[in-house]
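Fold and geometry: a report
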Amino acid sequence: MAESAEEFYARVHALEPLATPSIAQWSVFPWEVRDGALAPRPVSPPAPETSRVGEQDCPACSPDPASLIWRDDLWQVRAMAPSGLPLVLMLEPIEHLDLPHLDDDQAAEWGRLVARVTRIVEGLPNIARCHSGRWGDGAEHLHTWFFARIEGIESTKGSLAIEWDDILPPGPAEIRAADLAEVARKLATHDGHALV
Ligand SMILES: [Zn+2]
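Treat the numbers as computed from the prediction; the structure is a model and nothing was measured.

1. Observations regarding the overall build of the protein
Within the protein, the regular secondary structure consists of four helices and eight strands. Put simply, the protein runs from its N terminus to its C terminus through helices and strands in the order α-β-β-β-β-β-α-β-β-α-α-β. Taken along its principal axes, the extent of the C-alpha atoms in the protein is 55 × 45 × 25 Å. In the protein, which comprises 196 residues, the share counted as buried stands at 23%.

2. As for the sheet that holds strand S8 (residues 193-194)
The six strands are arranged S6-S7-S5-S4-S3-S8 in an open sheet whose pairing can be described as antiparallel. What marks the edges here is a single partner per strand, and that holds for strand S6 (127-133) and S8. Taken together, the three bridges between strand S3 (residues 68-71) and strand S4 (residues 75-79) define a ladder with antiparallel strand orientation. In the sheet register, Leu-68 faces S4, and the bridge partner there is Arg-78.

3. Examining helix H2 (residues 104-122)
Compared with the 27 Å implied by 1.5 Å per residue over 19 residues, the 27 Å span of H2 between its first and last C-alpha is a close match. Every buried residue belonging to H2 is among Trp-110, Leu-113, Val-117, Ile-120 and Val-121, and all of these are buried. Seen end-on, H2 carries its buried residues on one side only, within an arc spanning 105°. The exposed set on the far side of H2, more than 90 degrees from its buried face, consists of Asp-104, Asp-105, Ala-108, Gly-111, Ala-115 and Arg-119. Contacts made by the buried residues of H2 are with S4, strand S5 (88-93), S6, strand S7 (144-150) and helix H4 (173-188).

4. Concerning the nonpolar core
Core analysis: the largest hydrophobic core is formed by 29 residues, its most contacted members being Val-77, Leu-89, Val-117, Val-121, Phe-146 and Ala-148. Of all the secondary-structure elements, those providing two or more residues to this core are S3, S4, S5, H2, S6, S7 and H4. For this core, the element with the highest residue contribution is H2, accounting for five residues.

5. Considering the packing of H2 against H4
Contact pair H2 / H4: the axes reach a minimum separation of 10 Å and the direction vectors enclose 135°. Of the possible angle classes, the one that applies to H2 and H4 is oblique. For the element pair H2 and H4, the recorded crossing hand is right-handed. On H4, the residues touching Arg-116, Ile-120 and Val-121 of H2 are Val-183, Lys-186 and Leu-187. Grouping the constituent residues of the contact of H2 with H4 by class yields four nonpolar, no polar and two charged.

6. With respect to the environment of Leu-180
The residue Leu-180 is located in helix H4 in this model. Using a count of 19 C-beta atoms within 10 Å as the deciding quantity, one classes Leu-180 as partly exposed. Sequence separation of Leu-180 and Val-121 is 59 residues, and the distance between their C-alpha atoms is 9.3 Å. With sequence-adjacent residues up to four places away left out, Leu-180 is seen in contact with Ile-69, Ala-79, Leu-87 and Val-196.

7. A look at unusual backbone geometry
Looking along the chain, the bond that leaves Glu-16 and enters Pro-17 is cis, with omega of 5°. Within the secondary structure, Pro-17 is located in the loop between helix H1 (5-13) and strand S1 (31-34). Notably, Asp-35 is not glycine yet its phi reads approximately 55°, a positive angle. As for its position among the elements, Asp-35 is in the loop between S1 and strand S2 (37-40). C-beta crowding within 10 Å serves as the criterion here: with 5 such atoms nearby, Asp-35 is assigned to the exposed category.

8. Comments concerning the pairing of S7
Counting buried residues along S7, six of its seven residues qualify, which places the element largely inside the surrounding structure. Relative to S7, S6 is paired through six bridges, and the arrangement is antiparallel. The partner of His-131 across the bridge, within S7, is Phe-147.

Scoring rules and cut-offs
Residues numbered from 1 in each chain as written. Predicted model: local features only at pLDDT ≥ 70, side-chain atom pairs only at ≥ 80, totals over all residues. Helix = DSSP H or I, 4+ residues; strand = E, 2+ residues; numbered from the N terminus. Buried ≥ 20, exposed ≤ 12 C-beta atoms within 10 Å, placed from the backbone. Pairing = 2+ DSSP bridges. Expected span 1.5 Å × (residues − 1). Arc of directions from axis to C-beta. Contact = placed C-beta atoms within 7 Å. Core = buried A, V, L, I, M, F, W, Y, C linked by C-beta atoms within 7 Å. Axes fitted to C-alpha atoms, helices over the stretch in contact; angles between N-to-C directions. Parallel < 35°, antiparallel > 145°, perpendicular 65-115°, else oblique. Left-handed = near helix turned anticlockwise from the far one by under 90°. Nonpolar A, V, L, I, M, F, W, Y, C, P; charged D, E, K, R; others polar.

As structure tokens, then:
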């Protein structure tokens, strides 16, 4: 069971003001301080596309076994390193494929798994929503993100939850481990094997 909103607030508020995360230094970070006020950065000039991770020696094709929480013959779910949101998961095909490469059967299975992971995570106590997303600018191997947020914490609503995931300190490790095990157990009631 994830922390309640009250438990989360008490833990984090005691640590404020929080440090600025490294995303503020990323080249794609869209904000800067101009004349003492927050303002958009200038857009970058045209440039050749940079390569993506996995175009050679793909790490997703040989994932860290410690990160895997569930696997069947075609798909795997990994837990990302502890971060500010209570759970951040990644669904990947075991084969080196990107989203446009999926045939109709693989795409149908992807859709079923996205719905299944979302349903399971949103069924955990104290979790209000499980956001999902596929960007694919960083890595070539298809990776679908899932971001869980705590019920009753307005700051982490919507797409900026991803920013808060980098800003907030990780929660209690034992709570996260129990929630990961519950997600894996429930996924395995449909298919595949729980690995935590
Ligand atoms: Zn790969």
